[in-house]
Structures are given as structure tokens and as C-alpha cells.
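Overview (structure and organization)
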Amino acid sequence: MSATKFTTISAAQRLMKSMEVAINNMIDEVKRPVDPEAGGSARKAELQSIKQTAVDCKELLVERQRLEQMVKDL
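Reading the values: rules and limits
- Residues numbered from 1 in each chain as written.
- Predicted model: local features only at pLDDT ≥ 70, side-chain atom pairs only at ≥ 80, totals over all residues.
- Heavy atoms only, no water.
- Helix = DSSP H or I, 4+ residues; strand = E, 2+ residues; numbered from the N terminus.
- Rg over C-alpha atoms; globule rule 2.2 N^0.38 Å.
- Contact = heavy atoms within 4.5 Å.
- Areas by Shrake-Rupley, 256 points an atom, 1.4 Å probe, with all protein chains shown as cover.
- Axes fitted to C-alpha atoms, helices over the stretch in contact; angles between N-to-C directions.
- Parallel < 35°, antiparallel > 145°, perpendicular 65-115°, else oblique.
- Left-handed = near helix turned anticlockwise from the far one by under 90°.
- Nonpolar A, V, L, I, M, F, W, Y, C, P; charged D, E, K, R; others polar.
- Buried < 20%, exposed > 50% of the residue type's maximum accessible area, 1.4 Å probe, protein only.

**Describing the overall build of the protein**
- Counting its secondary structure elements, the protein contains 2 helices and 0 strands.
- Scaling as 2.2 N^0.38, a compact globule of 74 residues should have a C-alpha radius of gyration of about 11 Å, whereas the protein reaches 18 Å, well beyond that.
- Seen through its principal axes, the protein has C-alpha atoms that stretch 60 × 25 × 15 Å.
- Pairs at least 24 residues apart make up 73% of the contacts formed inside the protein by residues separated by at least 6 positions.
- Of the roughly 6,000 Å² of accessible surface on the protein, 56% is carried by carbon and sulfur atoms.

**A closer look at the packing of helix α1 (residues 8-31) against helix α2 (residues 40-73)**
- Where α1 contacts α2, the axes come no closer than 9 Å and their chain directions differ by 155°. Relative to α2, the element α1 lies roughly antiparallel. Of the two possible hands of crossing, α1 and α2 adopt the one that is left-handed.
- Residues of the contact of α1 with α2, tallied by class, amount to 18 nonpolar, 3 polar and 6 charged.

**Comments concerning the environment of E46**
- By secondary structure assignment, the location of E46 is in helix α2.
- A relative accessible area of 25% places E46 in the partly exposed class.
- Placed 28 residues apart in sequence, E46 and S18 show a C-alpha to C-alpha distance of 26 Å.

Here it is, written out as C-alpha cells:
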């Protein structure tokens, strides 16, 4: 059997790498400028979406930090 054995630590490390990619993508999304043509409710919706992405990113960052600590403890 040539498949590598599943371990919690390797799975956690792979998850951390995936979370890093997701966090970077979310940061890029937050950095993207608001459409200057958007007005009224469209602009408000776009700003709300950016804010939600920032909040989600922060939560994901906190979870990644916890996972990182768990790996260190293992």
C-alpha cells in the first residue's frame, strides 16, 4: 500500500494551507474598489458584501490560528 497514512497533524497542516489560500482570496476581494458607477442600493449592497467578507476573513484567520496552535500542541 503506497498511500500515505492519514494523520490528524497532516490533515490539519493541509487545512491550514487551504485556509491560507482562502484568506488571501478574501483579502483580495476586500481590497477591490467599489464600482464608481454603482449608486444607491447597489453601492450599499456592494459595501455590505465587502464588510461581510472582511468579517468572514477575520473569523477564518482566528480559526486558522487555533488550528496552528493545535498542530504545535500535537
